[in-house]
Amino acid sequence: MCCIVLIGYRAVGKTSAGRLLADRLEYDFVDTDQLICEMQAATVAEIVEKKGWQIFRRYEEEALRIAVSRPRRVISTGGGAVLHQEVFEQIRRQNFVVWLRADLKILEQRLAMAKEGERPSLTGASIVAEMKDVLEQRTPLYRRFSDLAVDSGKLDIDSVVAEITTAYYAALSTKT
Ligand code: S3P
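Residues numbered from 1 in each chain as written. Predicted model: local features only at pLDDT ≥ 70, side-chain atom pairs only at ≥ 80, totals over all residues. Heavy atoms only, no water.

Peer 1: What's the story with the layout of surface pockets in this structure? I'm lost.
Peer 2: To find leftover empty space, one rolls a probe the size of a water molecule over the atoms. In this structure, the largest pocket occupies an estimated 560 Å³ of space. If you go around the largest pocket, you meet 27 residues; those closest to its centre are Arg10, Asp33, Val44, Gly78 and Arg119. Elements with a contribution of two residues or more to the lining of the largest pocket: α1 (14-25), α2 (32-40) and α4 (53-67). Of all the elements, α4 adds the most residues to the lining of the largest pocket, at four residues. Considering only residue class, the lining of the largest pocket consists of eight nonpolar, 10 polar and nine charged. Approximately 190 Å³ is the volume attributed to the second largest pocket. (1 Å grid on protein atoms, 1.4 Å probe; cavity = no way out; pocket = protein on both sides within 12 Å on 5 of 7 lines; lining within 4 Å. Points joined across faces, edges and corners; volume = space filled by probe spheres on them. Helix = DSSP H or I, 4+ residues; strand = E, 2+ residues; numbered from the N terminus. Nonpolar A, V, L, I, M, F, W, Y, C, P; charged D, E, K, R; others polar.)

Set out below in structure tokens:
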């Protein structure tokens, strides 16, 4: 199995857990949002403002393909990465995919604290108001594409990483 890929909604802690996990496993860490921003020399908000979500999603698909092109990586993805269903069908076959989830209330609190303009709205509504609807749409995808679900709202980051590590090593012996 090549990489560990973290999926899940905004503010669920993919980047923080991904960095620590990569550190523990001595894998490289790749954040697909960061990759997009580097390739476009712009922030996510700037890309969305200038080019719109459709173009952002195109960049995101490319970033996902690049991210999984090398083994021994922990890859943190954007909350909407699972919308690329064809790509994820492939990703799931050769990688270990972890869905980080947390209760709505916790995500609401975290998103309410986000800096103005840092996370552009996906629907035109406020990022807290839109969350329930967007989550409803995406939850079946997070479930379908993941090998493991971990509740990052209930566990501290060390426990999240420990749980992923144990499950990953167990899966290594069964998944090719
Ligand atoms: C998005 C989540 C963001 C980023 C972009 C779109 C989404 O990533 O990719 O703003 O569609 O949920 P994070 O999940 O890291 O915030």
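Peer 1: Sorry if this is basic, but what is going on with α1 here?
Peer 2: Every α-helix winds through 3.6 residues per turn, so residues three or four apart in the chain are directed the same way. Its 12 residues place the ends of α1 16 Å apart at the C-alpha level, agreeing with the 16 Å of an ideal helix rising 1.5 Å per residue. In this fold, the buried residues of α1 make contact with β1 (4-7), β2 (28-31), β3 (73-76), β4 (96-101) and α8 (157-172). (Expected span 1.5 Å × (residues − 1). Contact = heavy atoms within 4.5 Å.)

Peer 1: Quick question: what am I supposed to make of the sheet that holds β1 here?
Peer 2: Strand pairing in a sheet is mediated by backbone hydrogen bonds. Such pairs are either parallel or antiparallel. One open sheet accounts for five strands, arranged β2-β3-β1-β4-β5; its pairing is parallel. Looking at which strands have only one partner, the edges of the open sheet turn out to be β2 and β5 (148-151). Each strand of the sheet is rotated relative to its neighbour by a mean of 20°, with strand direction disregarded. Of the pairings in the sheet, the one linking β1 to β3 comprises three bridges and is parallel in character. Bridge pairing links Ile4 to Val74 in β3. (Pairing = 2+ DSSP bridges. Axes fitted to C-alpha atoms, helices over the stretch in contact; angles between N-to-C directions.)

Peer 1: For this particular structure, what's the right way to read the pairing of β3?
Peer 2: Every regular strand shows the same layout, with side chains that alternate between the two sheet faces. Burial along β3 is two-sided: Arg73 and Ile75 facing one way and Val74 and Ser76 facing the other are all buried. In this sheet, β3 lies alongside β2 in parallel orientation, the contact comprising four bridges. Bridge pairing in β3 links Val30 to Ile75. (Buried < 20%, exposed > 50% of the residue type's maximum accessible area, 1.4 Å probe, protein only.)

Peer 1: Mind showing me how you'd approach unusual backbone geometry here?
Peer 2: Leave glycine aside and you will find that most residues have negative phi; peptide bonds, for their part, are mostly trans. If you check the backbone angles, Ala41 has positive phi at about 50° while not being a glycine. Mapped onto the fold, Ala41 is located in the loop between α2 and α3 (44-51). At Arg72, a position not held by glycine, the phi torsion is positive, near 55°. Structurally, the position occupied by Arg72 is in the loop between α4 and β3.

Peer 1: I would appreciate a short explanation of the packing of aromatic side chains in the present structure.
Peer 2: Throughout the structure, instances matching the rule amount to six aromatic pairs. Taking the centre distance of 5.4 Å and the plane angle of 90° together, the rings of Trp53 and Phe56 count as edge-to-face. Of this pair, Trp53 and Phe56 are both found in helix α4, three residues apart, which corresponds to roughly one turn of the helix. Take Phe56: its relative accessible area is 3%, and that puts it in the buried class. (Phe/Tyr/Trp six-rings, centres within 6.5 Å; stacked < 30°, edge-to-face > 60°.)

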